Amino acid sequence: MAGAHNRSGKLWGGRFAEETAASVEAFTESISYDWRLYRHDIMGSKAHARMLAKQGLITGNECDAILQGLTEIEQEINDGTFVFRPELEDIHMNIEKALTDRVGAAGEKLHTARSRNDQVALDIRLYLRDEGAALDRLLAEVQEAFTRQARICLGAVMPGYTHMQRAQPVLLSHHLLAYVEMFGRDRERMVDCVKRINIMPLGTAALAGTGLPIDRDFVARELNFPAVSANSMDTSADRDFGLEFLFCLTTIQLHLSRMAEELVLWSAKEFEFIEIGDRYCTGSSIMPQKKNPDIPELIRGKAGRVTGSLVSLLMTVKGLPLTYNRDLQEDKEQIFDALDTVKASLSITAELLANSEFNTERMKEATYGGFMTATDIADYLVTKNMPFRQAHGVVGRIVTLCQQRGIELVELSLEELQQFSDRIEKDIFDVLSVEGSVNSRTSAGGTACVRVEEALVRAEQQLGIA
Ligand code: ARG
């Protein structure tokens, strides 16, 4: 075995006279977390071996031995019987060493025309391509949970807020469908990001390409990549795809955190807009009466963590000279942690939504007492030919009067209203009611029931839940 003249026992140990310090092995290893790339590492190695055989760089028998050995190793890792060795640094060398131990010289030929620099880029790209698809499914489930609630609550009114102040009445379903749009954009963003992940890096070798007669397009076809990367130095140095992926994850988690904040507020006594199911809340160890919204709080809190992963990798890449530098090994823990966090948050959100009930009575009550149809009176005056700025002033004075008398806009009589403008007629009362206000907003994308129902049907069709 090659180790005979190799004091360090490493696959790269030939030029070293001394063993690696234990502290260095502990500091540089990545196997404790990159083991989870094993399936994709093996998938990539198999495609590489088939290419080497096709090009005559290894024999058919050697290729078969490699493929067989890799299949067995994958099975052992699946079964939990494979022993990972930190002194072999990472998943790539753990697998290669196990292969060589198993099939001998053929295993030593696997790394022909390949470097760990292009190998690790390949593994992460294959891994993220699959995870992108998994995230798409989870996002669709969350969209479905929101859409189902929007269907159940169709017709219910609530205050719409700006600056967290009651602004204009809207349909609860309109509010819920806003999240369906946000998660829809998250899905599109991920699909777009995967386009740039889906580029085949192998064949870059360390940084400059190789003089051996490889066939990169063959490997790309084997692994279902639509294209091979164009510049070997760029490929070796590039982690843009990881940054983009983390940005996509961060945006998802930020969207979730905005929803979470609303759920926390809405479940407070001051709002009582929502009742989260008992199974999805937690209690207090001292206050017996408490039922706390810990799930949305944690979702909100984890937005900090996911954003941190993005910022961490941004800073890792900043100022790095071309091409590969070991700094890049720092990409994986951030990507894995952010992925786990976002996936867990998405799947608990779908459950949480399905197990919550909106208190539509309370929401309707909350539409009273904020002069929320004031804009409707101004719009009404505009239809009676008053310039909008004048109308704004007139309604402002009407609101002041109501405030002084402690009454609602609907409580004013026609005569009282007419003192502010002779353009006001009996039909003013059509726009003063909350329902009238909501249903008047028929502009495309508006909150009128007709528009919201159209949007709901569109969402149901897209999600296949019609
Ligand atoms: N574990 C390494 C990483 O994740 C693999 C590439 C190592 N390449 C090297 N030249 N040391 O980046």
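These remarks concern the structure in this document.

Reading the values: the criteria
- Residues numbered from 1 in each chain as written.
- Predicted model: local features only at pLDDT ≥ 70, side-chain atom pairs only at ≥ 80, totals over all residues.
- Heavy atoms only, no water.
- Near = heavy atom within 4 Å.
- Areas by Shrake-Rupley, 256 points an atom, 1.4 Å probe, with all protein chains shown as cover.
- Helix = DSSP H or I, 4+ residues; strand = E, 2+ residues; numbered from the N terminus.
- Pairing = 2+ DSSP bridges.
- Expected span 1.5 Å × (residues − 1).
- Buried < 20%, exposed > 50% of the residue type's maximum accessible area, 1.4 Å probe, protein only.

Another point: the site of the ligand. Every residue near the ligand is listed here: S30, D90, H92, R116, N117, V120, Y324, R326, Q329 and K332. For the ligand, the accessible surface in isolation is 340 Å², of which the surrounding protein chains cover 87%. Among the elements that line the shell around the ligand, the one with the most residues is helix α7 (residues 116-152), at 3 residues.

Here strand β1 (residues 157-162) pairs with strand β2 (residues 165-171) via 6 bridges, running antiparallel. By the bridge assignment, T162 is partnered in β2 with Q165. Where β1 folds back on β2, the antiparallel hairpin that results is connected by 2 residues, among which H163 adopts a positive phi of roughly 55°.

Residue L322 is joined to T323 through a cis peptide bond whose omega torsion reads 0°. Mapped onto the fold, T323 is located in the loop between α12 (294-317) and α13 (331-354). If you check the backbone angles, E89 has positive phi at about 70° while not being a glycine. Along the chain, E89 falls in the loop between α4 (60-79) and α5 (91-103). Unusually for a residue other than glycine, N224 sits at a positive phi of about 65°.

Here helix α20 (residues 449-463) spans 21 Å end to end across 15 residues, near enough to the 21 Å set by a 1.5 Å rise per residue. Following α20 by one or two positions, G464 adopts a phi angle in the positive range, close to 70°.

The next thing to look at is the environment of W266. Inspection of the secondary structure puts W266 in helix α11 (residues 240-266). Assessed through its relative accessible area of 4%, W266 is described here as buried. Here the alpha-carbon distance between W266 and M372, two residues 106 residues apart in the chain, equals 19 Å.

Let us look at the environment of G104. Of note, G104 is situated in the loop between α5 and α6 (105-108). We classify G104 as partly exposed; its relative accessible area is 27%.

Interpretation in functional terms is not warranted from these geometric data alone.
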